[in-house]
Amino acid sequence: MQDNPQGKTVKASRITIAQLMQPTHANHLGNVHGGEIMKLVDEAGALACMRHAQKRVVTVAVDQMVFRNPIRLGDLVILTGEVSYVGRTSMEAEVHVNAENPITGERVHTNTAYLVYVAMDDSGHPTPVPPLIFETESERQRAKDAEERQERRLAKSKLRSTQE
Ligand SMILES: CC(C)(COP(=O)(O)OP(=O)(O)OC[C@H]1O[C@@H](n2cnc3c(N)ncnc32)[C@H](O)[C@@H]1OP(=O)(O)O)[C@@H](O)C(=O)NCCC(=O)NCCS
């Protein structure tokens, strides 16, 4: 039995987080360490899914991340996340990462990431999440694409476990 059979909109899950890149975020070249961005991406995705499920969530899968542009110290990193697809207990979040120079206002899109989270009940077991309500055709199409991504992840994971 689902807690919220009426479902919730994609928009209701949408979150934005922003963080100023400081010297503690640097790699040895003086740009921002990719791992810092990966952590923020995971936080943004988790927050969107927590908003949707109104439950604690754990990260179960992170798709390949490709960084197209370096992020520099002093940049403001802005991450927007929202739920793109829900299964029974799992949710995919789509997270967009932009880096803004707060002095010039120039903003660069650095990457888009897809991550899967599972909602957990108070005993630490996967628990059902509300359905996702689509308000636009692009949200509906994206969910179809996300469903295919999820099928591929599960097929890969099954293949890996048969090889172990
Ligand atoms: C997430 C976890 C509870 C799932 O356990 P499980 O035994 O696979 O549970 P289930 O088979 O019921 O799967 C739960 C959901 O996860 C999805 N899932 C499982 N493996 C997956 C994978 N490799 N990729 C994407 N989704 C996956 C399932 O499809 C299912 O989704 P659905 O209910 O929407 O159909 C378990 O793998 C876990 O605890 N992982 C560690 C999570 C964690 O600690 N993350 C932080 C890392 S530091």
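This text follows the structure it describes.
Enquirer: Explain the site of the ligand here, please?
Expert: Among the 15 residues in the neighbourhood of the ligand, the closest are listed as Thr59, Arg88, Thr89, Ser90 and Gln150. At a separation of 2.9 Å, a nitrogen atom of the ligand approaches a polar backbone atom of Thr59. About the coverage of the ligand: the protein hides 49% of its 950 Å² of free accessible area. Per-class residue counts for the shell around the ligand are 7 nonpolar, 6 polar and 2 charged.

Enquirer: In this structure, what is going on with the layout of surface pockets? I would like to understand it.
Expert: The method is simple in principle: a probe with the dimensions of a water molecule rolls over the atoms, and the space it marks as empty is what remains. Approximately 350 Å³ is the volume attributed to the largest pocket. What lines the largest pocket is a set of 16 residues, and nearest its centre among them are Ala61, Asp63, Arg153, Leu154 and Lys156. Of all the elements in the fold, those that place two or more residues in the lining of the largest pocket are β3 (56–62), β6 (107–120) and α3 (137–163). At 8 residues, α3 tops the list of elements feeding residues into the lining of the largest pocket. Taken as a whole, the second largest pocket encloses approximately 190 Å³ of empty space. Looking at the second largest pocket, the residues that line it are Asp63, Gln64, Val66, Arg68, His109, Asn111, Thr112, Ala113, Tyr114 and Arg149. It is β6 that provides the largest number of residues to the lining of the second largest pocket, a total of 5 residues. Across the lining of the second largest pocket, the residue classes tally to 3 nonpolar, 4 polar and 3 charged.

Enquirer: Sorry if this is basic, but what is going on with helix α2 (residues 34–53) here?
Expert: An α-helix turns once every 3.6 residues. As a result, residues three or four positions apart point the same way. Here α2 spans 28 Å end to end across 20 residues, near enough to the 28 Å set by a 1.5 Å rise per residue. Along α2, the positions that sit buried rather than exposed are Ile37, Leu40, Val41, Ala44, Gly45, Ala46, Ala48, Cys49, His52 and Ala53.

Enquirer: Sorry if this is basic, but what is going on with the pairing of β6 here?
Expert: Residues in a regular strand point their side chains to alternate faces of the sheet. In this structure, β3 lies alongside β6, joined through 6 bridges in antiparallel fashion. Considered in β6, the bridge of Val62 is made with Leu115. For strand β5 (residues 90–100) and β6, the ladder comprises 11 bridges, and the chain directions are antiparallel. Considered in β6, the bridge of Val97 is made with Asn111. In this antiparallel pair of consecutive strands, β5 and β6, the connection spans 6 residues, and Gly105 shows a positive phi of 85°.

Enquirer: Honestly, the pattern of salt bridges in this entry has me stumped. Any pointers?
Expert: Note that side chains of opposite charge can pair when their charged atoms are close. Counted by the stated rule, this structure contains 11 salt bridges. Glu100 is the salt-bridge partner of Arg107, the closest N and O atoms lying 2.9 Å from each other. By relative accessible area, which is 16% here, Glu100 ends up buried. Here the residues in one salt-bridge network are Arg14, Glu82, Glu94, Glu139 and Arg142, joined through shared partners.

Enquirer: Would you take a moment to explain the nonpolar core for this structure?
Expert: Nonpolar side chains in soluble globular proteins tend to be buried together. Grouped together as the largest cluster of nonpolar side chains are 31 residues, with contacts concentrated most on Ile37, Val41, Ile71, Val77, Leu79 and Met91. Those elements that place two or more of their residues in this core are β2 (15–20), α2, β4 (76–86), β5 and β6. For this core, the element with the most residues is α2, which contributes 8 residues. Contact partners of Leu79, with chain neighbours within four places excluded, come to Ile15, Thr16, Ile17, Leu40, Val41, Ala44, Val95, His96 and Val97.

Parameters at a glance
Residues numbered from 1 in each chain as written. Predicted model: local features only at pLDDT ≥ 70, side-chain atom pairs only at ≥ 80, totals over all residues. Heavy atoms only, no water. Near = heavy atom within 4 Å. Polar contact = N/O pair within 3.5 Å; in protein donor to acceptor, adjacent residues only side chain to side chain. Areas by Shrake-Rupley, 256 points an atom, 1.4 Å probe, with all protein chains shown as cover. Nonpolar A, V, L, I, M, F, W, Y, C, P; charged D, E, K, R; others polar. 1 Å grid on protein atoms, 1.4 Å probe; cavity = no way out; pocket = protein on both sides within 12 Å on 5 of 7 lines; lining within 4 Å. Points joined across faces, edges and corners; volume = space filled by probe spheres on them. Helix = DSSP H or I, 4+ residues; strand = E, 2+ residues; numbered from the N terminus. Expected span 1.5 Å × (residues − 1). Buried < 20%, exposed > 50% of the residue type's maximum accessible area, 1.4 Å probe, protein only. Pairing = 2+ DSSP bridges. Salt bridge = Lys/Arg side-chain N within 4 Å of Asp/Glu carboxyl O. Core = buried A, V, L, I, M, F, W, Y, C linked by side-chain atoms within 4.5 Å. Contact = heavy atoms within 4.5 Å.

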